[in-house]
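Next come the chains, spelled out residue by residue.
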Amino acid sequence: MALAGVRVIELAGLAPAPFCGMILSDFGAKVIRVDRTKVAMAVDTLARGKQSVALNLKNPEGLAVLKRLCLQSDVVLEPFRKGVMEKLGLGPEELLKENPRLIYARLTGYGQSGSYAKAAGHDINYLAMSGLLSMLGRSSDKPYAPLNLVADFAGGGLTCALGIVLALLERSKSGQGQIIDASMVEGAAYVGSFMWKSRSIGLWNRPRGENMLDSGAPFYDTYRTADGKYMAVGAIEPQFYDQFIQGLGLDAADLPAQMSVSDWPQLKQTFTREFAKRTQAEWSRVFDGTDACVTPVLSLEEVASHPHNQERGSFLRNTQGELSPRPAPVLSRAPAEPRLSRDPFIGEHTRAVLREFGFQEDQIEKLLIGGAVECNEAKARL
Ligand SMILES: C[C@H](CCC[C@H](C)C(=O)SCCNC(=O)CCNC(=O)[C@H](O)C(C)(C)COP(=O)(O)OP(=O)(O)OC[C@H]1O[C@@H](n2cnc3c(N)ncnc32)[C@H](O)[C@@H]1OP(=O)(O)O)[C@H]1CC[C@H]2[C@@H]3[C@H](O)C[C@@H]4C[C@H](O)CC[C@]4(C)[C@H]3C[C@H](O)[C@]12C
C-alpha cells in the first residue's frame, strides 16, 4: 500500500481529524489514535484500521508517553483549539527540534492565526466563513448546509490528508518535516474554487437557488416520482438535454429553449408533471443506457446493490456487517486495503503500542498503576 511504513499519531477529535486518520490508515499507514482515559465509549466512528492507546495527558507521565510516541513517528495529527498542544509542551517547535523529520498536522476551523484562531466552532461556522454557505440553498430560502460534508470532510479531513501526503513526498527529497496549518475555512473555500473562478463566466450572476448548478435550472435538479422517490437530472449539454427530453416523451418543438432563463420555472413545472407519472424504477429503465444524465436518487440502503456499484465493489461490509464506501481513488499497483475488522476499543492497544515504542514491561505496569495510561485488552477479548 502507498503509505506502508508511515507511522501516524492521531490525537482523538470529533470528525475531520478522524476522517483524515482513516484515509491514511486505509492507504497503509499505521495510525495510532490517542484517546482519553476513563471514557466509556469512543465517539470516533471513522476508526477503520486504527489502534487505540489511552493516555491521560493531564498526568506528566502520560504526557511523556505521548511525547515519546510523537518523537518516534512520521506524522502527528492534532485536532485541538489553537494553543492546546503548546500548553501541554508538545507544540511543533518543541517536537520538531527533537525530531526534524516530523510532519506536524494541525487541523482546526480557523487556522493557527487570525482573530478567530482560538474560537470554538463547527462545520456550519467554517462553511459560513468560507463564503460557500451563502451560495447553498433553494431559491428564496435561507442558506442550507449540506450535512457537515464540505468543511469537516472535504475542506478539513481530506485536505489535511493531502497536506500530509505532500509533506511526506517533500520529506523524501529534503529529509525535513514541516508544520501543516489546515484551516477548514480555507480548505472549504479552496474546494469551492470552481465557484469563485467561474463567476467570470456568469455562472453565479443570479440569486441563490436560481443559477444553473444550484437547482435554478430545470435540467439540473431532482424530481419526485410516482412512488415518492426521486430522480436526479444533470442534462446540461444540448446533446444530452435532447436525450433527456426524448426520454420524458416530450417534443422539443413544444418547449421553450433550454437556456431561456425566464422560462425555467415553466419548464420545471412540465418536468415535475412528467416525472410524477412513473415510478423511479420505471424512469431508471427509460434512462439507463442513454446519455441523458438522469439517475435514480439512491438511499444508503440501496447504493450497494445498484448493479453499477455492485460490479465495481464500491461499498464494503466489515466483519460486524456494517456497510461503508470503499476507499477512493483506486490505485492500480498499490490500492488501499481497508481493514474489515471492528473498530478498536479505547485503550485496546495501549500495551502493544508501548511495547512497540520500546517501553519495558515494568515501566508499562507503573504507568498503568499510576493512571497515566489505561489498557482495555480484556474488554477486547470478551
Ligand atoms: C457526531 C458529533 C460530531 C459532529 C461534528 C461537528 C459537526 C464538527 O463540525 S467537528 C469539527 C469541530 N471543530 C474542530 O475540530 C476545530 C478544531 N478544534 C476545536 O476548535 C476544539 O477542539 C473544539 C471546539 C472542537 C472543542 O473544544 P474544546 O474546548 O472541547 O477542546 P479544546 O479546546 O480543543 O481542548 C481539548 C482539551 O482536552 C484535553 N485533552 C485532549 N486529549 C486528552 C487526553 N487524552 N487526556 C487528557 N486531556 C486531554 C486537552 O489538553 C485540552 O485541555 P485544556 O482545555 O485544559 O487545554 C459528536 C459531537 C458531540 C458527540 C456526542 C457527545 O460527545 C456526547 C455523547 C458521548 C458518548 O460517548 C457518545 C454519544 C454522544 C451523544 C456523542 C455523539 C457524537 O459523537 C457527537 C454528537
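Please read all numbers here as calculations on a predicted model, not as lab measurements.

**Brief notes about the side chain of Arg106**
Then, in step 1: Mapped onto the elements, Arg106 comes out in strand 5 (residues 103-108).
Then, in step 2: Look at Arg106 and you get buried, because its relative accessible area is 4%.
Then, in step 3: Separated by 2.9 Å, the side chains of Arg106 and Glu86 make a polar contact.
Then, in step 4: Discounting chain neighbours no more than four positions away, the residues touching Arg106 are Glu78, Met85, Glu86, Pro92, Gln112, Ile179, Ile180, Asp181 and Ala182.

**Some details on the domain arrangement of the chain**
Interfaces are often sized by the accessible area lost when the parts come together.
Then, in step 1: Domain parsing of the chain yields domain 1 (7-191 + 318-381) and domain 2 (220-224 + 230-296).
Then, in step 2: Domain 1 and domain 2 are separated by 44 Å when their C-alpha centres are compared.

**Observations concerning a positive patch on the surface**
Then, in step 1: Together, Arg36, Lys58, Arg81, Lys87 and Lys118 line one region of the surface with positive charge.
Then, in step 2: Summarising the element assignment, Lys87 is placed in helix 3 (residues 84-87).

**Focus: the site of the ligand**
Then, in step 1: Taken together, 28 residues lie around the ligand, and Arg36, Arg81, Lys87, Asp123 and Asp152 are the ones closest in.
Then, in step 2: The side chain of Arg81 places a nitrogen or oxygen atom 2.7 Å from an oxygen atom of the ligand.
Then, in step 3: Residue Gly121 places a main-chain N or O atom 3.4 Å away from a nitrogen atom belonging to the ligand.
Then, in step 4: With the chains in place, 62% of the 1,500 Å² that the ligand exposes on its own is no longer accessible.

**A closer look at the sheet that holds strand 8 (residues 230-234)**
Then, in step 1: Strand order in the open sheet formed by three strands is 7-8-9, and the pairing between neighbours is antiparallel. Edge positions in the sheet fall to strand 7 (220-224) and strand 9 (294-296), since each has one partner strand and no second. For this sheet the average axis-to-axis angle between neighbouring strands, irrespective of direction, equals 25°.
Then, in step 2: For strand 7 and strand 8, the ladder comprises five bridges, and the chain directions are antiparallel. Across the sheet, the residue bridging to Arg224 is Tyr230, located in strand 8.
Then, in step 3: The sheet contacts of helix 10 (residues 264-275) involve strand 7, strand 8 and strand 9, and relative to strand 7 the element is tilted by about 40°.
Then, in step 4: Contacts between helix 11 (residues 280-287) and the sheet are confined to strand 8 and strand 9, with strand 8 contributing the most and set at about 30° to the helix.

**Comments concerning unusual backbone geometry**
Then, in step 1: The omega torsion of the bond from Ala328 to Pro329 falls at 0°, within 30 degrees of zero and hence cis.
Then, in step 2: The topology assignment puts Pro329 in the loop between strand 11 (323-325) and helix 13 (350-356).
Then, in step 3: Here Leu147, not a glycine, exhibits a phi torsion of approximately 50°, which is positive.
Then, in step 4: Structurally, Leu147 is set in the loop between helix 5 (123-130) and helix 6 (149-174).
Then, in step 5: One non-glycine residue, Cys293, adopts positive backbone phi at about 60°.

**With respect to the side chain of Asp221**
Then, in step 1: As for its position among the elements, Asp221 is in strand 7.
Then, in step 2: Aside from chain neighbours lying at most four places away, what touches Asp221 is Arg138, Ser215, Met231, Ala232, Val233 and Lys268.

**Details of the packing of aromatic side chains**
Then, in step 1: Under the criterion given, the structure shown has 14 aromatic pairs.
Then, in step 2: A ring pair is formed by Tyr110 and Tyr116, whose centres lie 5.2 Å apart and whose planes are at 85°; its orientation type is edge-to-face.
Then, in step 3: Between Phe219 and Tyr241, the ring centres sit 5.9 Å apart and the planes meet at 80°, which makes this aromatic pair edge-to-face. Here the residue Phe219 occupies a position in the loop between helix 8 (193-197) and strand 7, and Tyr241 occupies one in helix 9 (residues 238-248), the gap between them amounting to 22 residues. Per residue, the accessibility class of Phe219 equals that of Tyr241, and both read buried.
Then, in step 4: Members of the aromatic cluster, joined through ring pairs, are Phe219, Tyr223, Tyr241, Phe244, Trp264, Phe271, Phe275, Trp283 and Phe287.

Rules used throughout
Residues numbered from 1 in each chain as written. Predicted model: local features only at pLDDT ≥ 70, side-chain atom pairs only at ≥ 80, totals over all residues. Heavy atoms only, no water. Helix = DSSP H or I, 4+ residues; strand = E, 2+ residues; numbered from the N terminus. Buried < 20%, exposed > 50% of the residue type's maximum accessible area, 1.4 Å probe, protein only. Polar contact = N/O pair within 3.5 Å; in protein donor to acceptor, adjacent residues only side chain to side chain. Contact = heavy atoms within 4.5 Å. Domains from an automatic or database assignment. Patch = residues over 30% accessible without salt bridge, like charges linked within 9 Å, V, L, I, M, F, W, Y side chains within 5 Å. Areas by Shrake-Rupley, 256 points an atom, 1.4 Å probe, with all protein chains shown as cover. Salt bridge = Lys/Arg side-chain N within 4 Å of Asp/Glu carboxyl O. Lys, Arg positive; Asp, Glu negative; His and termini not counted. Charge placed at Lys NZ, Arg CZ, Asp CG, Glu CD. Near = heavy atom within 4 Å. Pairing = 2+ DSSP bridges. Axes fitted to C-alpha atoms, helices over the stretch in contact; angles between N-to-C directions. Phe/Tyr/Trp six-rings, centres within 6.5 Å; stacked < 30°, edge-to-face > 60°.

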